[in-house]
Amino acid sequence: MRLGLVWVGVICAAFGQGIIACSEAPICSPLVIQSDTSCSVSADCVEAGFPGLTCIDGACRVPCTTDSDCTLTAISSDSDEAQEQLSWPEECRVGPKAICESQVCIPACSSDAECSNGESCLRLPSASTNDPGRCGLFQESFEIPRGASGIDFESIGWSLATDRSLVNPRLKVAWKGIVGCSNPDPTTCGGSAAGGVRFALIEALPTPPKGTPNSAPTCGACACCLECLLDPPTTADAVAPFCSSRCEAERQENPNVSCGIISPAPFDECPASNPGCAGQPVCPATVPGRCQAVCTACEACPAQTAEVGERLSSCERDAAVKGCSACPLCDTCALQQCPVCAPDRNMPSECEACLALNCRPLPECQACYACSELSQCTLAGQTCPEARQTCEAQGNAGCYPTPVNYPRAQLTEAEQSLISPPLPVVAGAAGALTLEFSYVPFNVGRTYAVGTQNQAPPLWPRVEQELLVQFCATNCEQENSFTTAQFADGRPVSLPPPNQRGNGLQVGTQSELDWRSGKVRIPIPENFRTPTFRVRFVPHFGEGVRLGLDDVMIRRRG
């Protein structure tokens, strides 16, 4: 009979649970905890002299869920057996350690010399050299490295997005915190990890239906034209050259109504006068007759000097490309008198103080801000007669704020992915190479709506929620360089599988068993084994969906 796992000799009583067979000689005799003895049931192991071993895959073995299950039980220090051990050689008194692999205890490594084929003995960053290790090429457990005071993804070489102008703050390193803590913040109470006390928590940032716009002044006629197109009045005589009569008529019913404030209906509202908009404010294909006069007057307004963006609707763009006469004069004063207001100075308080002293008192600046001040006064339930007089005296030339750009606030799934650093350890490696990691899904449902800015949410397409695992060989700065990885049977790596969806599990309530049931092994094809090889975890998740990731390793198999 060939013995599969041999530990240095101590007497049987040292381990107390009857899972081992040993000789009675107090010397370095074999002490077997695993055997390749064939079996059909566990009773076969007992009959073969291995009481306590379990029949696993046709052989007598020590079953396990975690590495702690493979830790031998020490004998009492005041026992006769312990005193006897003191006379043994050191190598006999301390047995080698074991780790749990595929739910079976196997020998752990203690140094790189015990590994082959270029692998190293890998341990958690917080572990000591006396702790058990695994042979492999790469390991990441998101623990704090020795000598460091904290951790984030960038500090260990992982990246969060290719476009650094937008980031996903929900993608973070979670920490299990104090046992039994009730704080729902996963950074302080994230629950157990697969190894150590930390793990990566992957969550997507939802797409807002429409971003917050940057505004610039447009003339009164264009402001009124846009308002009329998005929410046409019921009668033609309600539209005056700059909406004055319409505003006054509406103010009689609601004193908070303001004219000239461009605030298109949100996507979840539909103006009663436009029942076909399906929740999205739309520009009519043709200008309604009741809006024609003021929209024609808009064409005569001066061209806009501000940069106009690409995410405007057609009628928003018509207003954005037109400006007003007073504000450019005020801007000239700001450029000449207040250099602290330059965009790259970032001195808002100093800028405002300079403008108040040098520019705001000028007639052109009073004209520039009068209509905006009137709108704010009206919203606050105030009258502001001076601002009203100055604004309404300008007629079509009055300056009103209008959207000129909607800065991109939508992160793509790829930009929300977690990307490994380059992993040159795989370069040129021969034989079977695998990526392995543990994961826990937190109530991942079946589908979610893929957000598309400037499109009504009811129109957003629904797709399957999943975490995709992707590989890249070269040019990994380019998004299209990543390819979805495949399991050994050719299926794309999409997690979690159907039987793990909708599990109701919340962050902080996961256990070690949850991590072990989510163990994944993915072959790394030879064409990806380059010095620039990277792994990417891409979340296709809806609001509130999370997935924990831990114990990422690259190892040789077979």
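The shown structure was predicted, so the numbers you read here are calculated from the model rather than taken from an experiment.

What counts, and at which threshold
- Residues numbered from 1 in each chain as written.
- Predicted model: local features only at pLDDT ≥ 70, side-chain atom pairs only at ≥ 80, totals over all residues.
- Heavy atoms only, no water.
- Buried < 20%, exposed > 50% of the residue type's maximum accessible area, 1.4 Å probe, protein only.
- Helix = DSSP H or I, 4+ residues; strand = E, 2+ residues; numbered from the N terminus.
- Arc of directions from axis to C-beta.
- Core = buried A, V, L, I, M, F, W, Y, C linked by side-chain atoms within 4.5 Å.
- Contact = heavy atoms within 4.5 Å.
- Pairing = 2+ DSSP bridges.
- Phe/Tyr/Trp six-rings, centres within 6.5 Å; stacked < 30°, edge-to-face > 60°.
- Disulfide = S-S within 2.5 Å.
- pLDDT = per-residue confidence, 0-100.
- Axes fitted to C-alpha atoms, helices over the stretch in contact; angles between N-to-C directions.
- Left-handed = near helix turned anticlockwise from the far one by under 90°.
- Nonpolar A, V, L, I, M, F, W, Y, C, P; charged D, E, K, R; others polar.
- Salt bridge = Lys/Arg side-chain N within 4 Å of Asp/Glu carboxyl O.

(A) View of helix H11 (residues 385-394). Among the residues of H11, those classed as buried are Ala387, Cys391 and Gln394. Here the buried residues of H11 occupy an arc of 60 degrees about the axis, which is enough to place them on one side. When the buried face of H11 is taken as reference, the exposed residues oriented beyond 90 degrees from it are Pro385, Glu386, Gln389 and Ala393. Looking one or two places after H11, you find Gly395, whose phi comes out positive at around 60 degrees.

(B) Quick look at the nonpolar core. Core analysis: the largest hydrophobic core is formed by 41 residues, its most contacted members being Phe142, Leu435, Phe437, Phe471, Ile522, Phe537 and Ile554. Of all the secondary-structure elements, those providing two or more residues to this core are strand S12 (198-203), strand S16 (433-442), strand S19 (466-472), strand S22 (519-523), strand S23 (534-540) and strand S24 (546-556). Phe437 has contacts with Val469, Leu495, Gly518, Lys519, Val520, Ile522, Phe537, Leu549, Asp550, Asp551 and Val552, leaving out every residue within four places of it along the chain. Of all hydrophobic cores here, the second largest spans 32 residues; its members include Leu226, Cys295, Cys298 and Ala326.

(C) The arrangement of the pairing of S12 in detail. Counted residue by residue, S12 has 6 buried out of 6 residues, so it is predominantly covered. Residues Arg198, Ala200 and Ile202 of S12 are buried on one face, and the alternating residues Phe199, Leu201 and Glu203, pointing to the opposite face, are buried as well. Direction of pairing for strand S11 (residues 172-175) relative to S12: antiparallel, over a ladder of 4 bridges. Considered in S12, the bridge of Lys172 is made with Leu201.

(D) Broad picture of the packing of aromatic side chains. This structure, assessed with the given rule, holds 8 aromatic pairs. Aromatic pair Trp158 and Phe537: ring centres 6.5 Å apart, planes at 20 degrees, arrangement stacked. Taken as a pair, Trp158 in the loop between strand S10 (138-140) and S11 and Phe537 in strand S23 lie far apart in primary sequence, 379 residues in all. By relative accessible area, which is 0% here, Phe537 ends up buried. Considering the side-chain rings of Phe437 and Phe537, the 5.3 Å spacing of their centres and the 90 degrees angle between planes classify their relative orientation as edge-to-face. Linking Phe437 in strand S16 with Phe537 in strand S23, this pair joins segments that are 100 residues apart in sequence. Grouping residues by exposure puts Phe437 and Phe537 together as buried. Ring pairs connect the aromatic residues Phe142, Phe153, Trp158, Phe437, Tyr439 and Phe537, which therefore count as one cluster.

(E) Spotlight on the state of the cysteines. Counting across every chain of the model gives 16 disulfides. Each disulfide pairs two cysteine sulfurs, and for Cys324 the partner residue is Cys399, the sulfurs being separated by 2.0 Å. Between Cys324 and Cys399 the sulfur-sulfur dihedral comes to about 105 degrees; the bridge is accordingly right-handed. One end of the pair, Cys324, is in the loop between helix H7 (314-320) and helix H8 (326-337); the other, Cys399, is in strand S14 (residues 399-405), and 75 residues separate them in sequence.

(F) View of the confidence of the model for the protein. Of the residues in the protein, 75% reach a pLDDT of 70 or more, and the chain-wide mean stands at 76. Taken together, the stretch residues 1-32 has pLDDT below 50 and engages in 91 contacts with residues farther than four places along the chain or on a different chain. Taken as a whole, residues 256-280 scores under 50 in pLDDT and shows 65 contacts with residues more than four places along the chain or in a different chain.

(G) Molecular detail of the packing of helix H4 (residues 220-230) against helix H6 (residues 289-298). Packing of H4 against H6 brings their axes to within 8 Å, and their N-to-C directions diverge by 145 degrees. You can see that H4 and H6 cross each other, and the crossing is left-handed. Residues Ala221, Cys222, Cys224, Cys225, Cys228 and Leu229 of H4 form the contact with H6, whose own contacting residues are Arg290, Cys291, Val294, Cys295, Ala297 and Cys298. For the contact of H4 with H6, the residue count by class is 11 nonpolar, no polar and 1 charged.

(H) Seen up close, the pattern of salt bridges. Counted according to the given criterion, the structure contains 10 salt bridges. Residue Glu352 is joined to Arg360 by a salt bridge in which the shortest nitrogen-to-oxygen separation is 3.5 Å. Judged by its relative accessible area of 37%, Glu352 is partly exposed. The class for Arg360 is partly exposed, based on a relative accessible area of 28%. Salt bridges sharing common partners tie together Glu101, Arg134, Glu436, Arg521 and Arg555.

(I) The environment of Pro63, seen in detail. Here Pro63 is to be found in the loop between strand S5 (59-61) and helix H2 (80-85). Taking C-alpha positions, Pro63 is 10.0 Å from Ile106, a pair spaced 43 residues apart along the chain.

(J) How the structure looks around the environment of Cys100. Tracing the backbone shows Cys100 in strand S6 (residues 98-101). For the pair Cys100 and Thr66, spaced 34 residues apart in sequence, the C-alpha to C-alpha distance is 5.7 Å. Each residue touching Cys100, except ones within four places of it in the same chain, is listed here: Cys64, Thr65, Thr66, Asp67, Cys70 and Arg134.

(K) Fine view of the side chain of Asn405. Topologically, Asn405 is positioned in strand S14. When neighbours within four sequence positions are excluded, Asn405 is seen to be in contact with Pro213, Asn214, Gly309, Glu310 and Leu312.

(L) Geometry of H6. By the burial criterion, the buried members of H6 are Cys291, Val294, Cys295 and Cys298. The buried residues of H6 occupy an angular sector of 105 degrees when projected down its axis, which confines them to one face. For H6, exposure combined with an orientation more than 90 degrees from the buried face picks out Gly289 and Ala293. For H6, the elements touching its buried residues are H4 and H7.

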